Amino acid sequence: MRKKQMSLMDPAETTVVNQVTIRLVGPLEQERWDQLVIQHHYLKSARLVGERLCYVAEYQGQWLALMGWSAAAYHIRARDQWIGWNNNQRRARLPLVANNARFCLLTAPGQYPNLASRVLALNQARLSADWQEAYGHPILLVESFVDTQLFRGTAYKAAGWLAVGLS
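Throughout the structure, instances matching the rule amount to one aromatic pair. Relative to Tyr 135, the ring of Trp 131 lies with its centre 5.3 Å away and its plane at 45°, an arrangement referred to as tilted. A residue pair is termed a helical-turn pair when its members lie 3 or 4 positions apart in one helix, as Trp 131 and Tyr 135 do in helix H6 (residues 115-135) at four residues. A residue is classified by how much of its surface remains accessible, and Tyr 135, at 31% relative accessible area, is partly exposed. When the ring centre of Trp 63 is taken as reference, the NZ or CZ atom of Arg 32 above it lies at 3.8 Å.

This is the structure:
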């Protein structure tokens, strides 16, 4: 289905989606990242807790999307039941989970169909190695929260994520 959707895009859109790159935000860019998240993310906050990494998706130097990863939520019943953790296992293994706490496109709605799921997939592919470099341990699982009153979670579903319950 995704290939069919991609073929419906015009060639310029396909080029952008296929050539978008993901990279960590440098220290000198953090203020810009924070300001753009405050401006474009519905929570209007760039604050991330615990261990965290910030990314930008770009095409030819133009920032198209922002992703912020942070420490996982401490106790989420649906996640913990899905994994099968007891309390001791959760405490020991929670650092191996990262929360996609911020994700926003900087493009006009519908400008680049499939961009959001492409960005999520590319970011997830490099996240564990970057986390290992920054914090000395990998990431084995990722989570996020979708406000279902505002969003359907389509980009996450298209990138292969599973909805494991409500919190």
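A positive phi angle, close to 60°, is found at Lys 44, a residue other than glycine. As for its placement among the helices and strands, Lys 44 is situated in the loop between helix H3 (30-40) and strand S2 (52-59). Backbone geometry at Gln 60 places phi at a positive 50°, although glycine is not the residue there. Summarising the element assignment, Gln 60 is placed in the loop between S2 and strand S3 (62-71).

Moving on, we get to the sheet that holds strand S1 (residues 21-24). Taken together, five strands build an open sheet; the order of strands is S1-S2-S3-S4-S5 and the sheet is mixed. Where the open sheet ends on each side, the last strands, each with one partner, are S1 and strand S5 (141-143). The sheet shows a mean angle of 30° between the axes of neighbouring strands, taken without regard to direction. Here eight bridges tie S2 to S3, and the two strands are oriented antiparallel to one another. Following the sheet pairing, Glu 58 is matched in S3 by Trp 63.

Our next topic: H6. Between its first and last C-alpha atoms H6 spans 29 Å; for 21 residues at 1.5 Å apiece the expected length is 30 Å, and the two agree. Of all the bends found along H6, the most pronounced is centred on Leu 127 and spans about 40°. Those residues of H6 that fall on the buried side of the exposure criterion are Leu 115, Ala 116, Ser 117, Val 119, Leu 120, Asn 123, Leu 127, Asp 130 and Trp 131. One or two positions beyond H6, positive phi appears at Gly 136, with a value near 80°.

Before going further, it helps to spend a moment on the pattern of salt bridges. Counted by the stated rule, this structure contains six salt bridges. Taking the shortest distance from any N to any O, the salt bridge between Glu 29 and Arg 23 comes out at 2.7 Å. Taking the shortest distance from any N to any O, the salt bridge between Arg 79 and Glu 143 comes out at 2.7 Å. Separated by 64 residues along the polypeptide, Arg 79 in helix H4 (residues 77-83) and Glu 143 in strand S5 bring together distant segments of the chain. Since its relative accessible area comes to 7%, Glu 143 is described here as buried. Within this structure, Arg 79, Asp 80, Arg 90 and Glu 143 form a network of salt bridges that share partners.

Our next topic: the pairing of S3. Burial of S3 is extensive: eight of the ten residues sit out of reach of the surface. Connecting the antiparallel pair S2 and S3 is a turn made up of two residues, with Gln 60 showing a positive phi of about 50°. As paired elements, S3 and strand S4 (residues 97-105) share seven bridges and run antiparallel to each other. Within S4, the position partnered with Leu 66 by the bridge is Cys 104.

Within the secondary structure, Asp 130 sits in helix H6. Here the side chain of Asp 130 touches Arg 126 through a polar contact of 2.6 Å, side chain to side chain. Beyond its immediate chain neighbours, meaning those up to four positions away, Asp 130 contacts Leu 24, Leu 53 and Tyr 55.

Reading guide: rules and limits
Residues numbered from 1 in each chain as written. Predicted model: local features only at pLDDT ≥ 70, side-chain atom pairs only at ≥ 80, totals over all residues. Heavy atoms only, no water. Phe/Tyr/Trp six-rings, centres within 6.5 Å; stacked < 30°, edge-to-face > 60°. Helix = DSSP H or I, 4+ residues; strand = E, 2+ residues; numbered from the N terminus. Buried < 20%, exposed > 50% of the residue type's maximum accessible area, 1.4 Å probe, protein only. Lys NZ or Arg CZ within 6 Å of the ring centre and 35° of its normal. Pairing = 2+ DSSP bridges. Axes fitted to C-alpha atoms, helices over the stretch in contact; angles between N-to-C directions. Expected span 1.5 Å × (residues − 1). Bend = angle between axes of the 7 residues up to and from the residue. Salt bridge = Lys/Arg side-chain N within 4 Å of Asp/Glu carboxyl O. Polar contact = N/O pair within 3.5 Å; in protein donor to acceptor, adjacent residues only side chain to side chain. Contact = heavy atoms within 4.5 Å.

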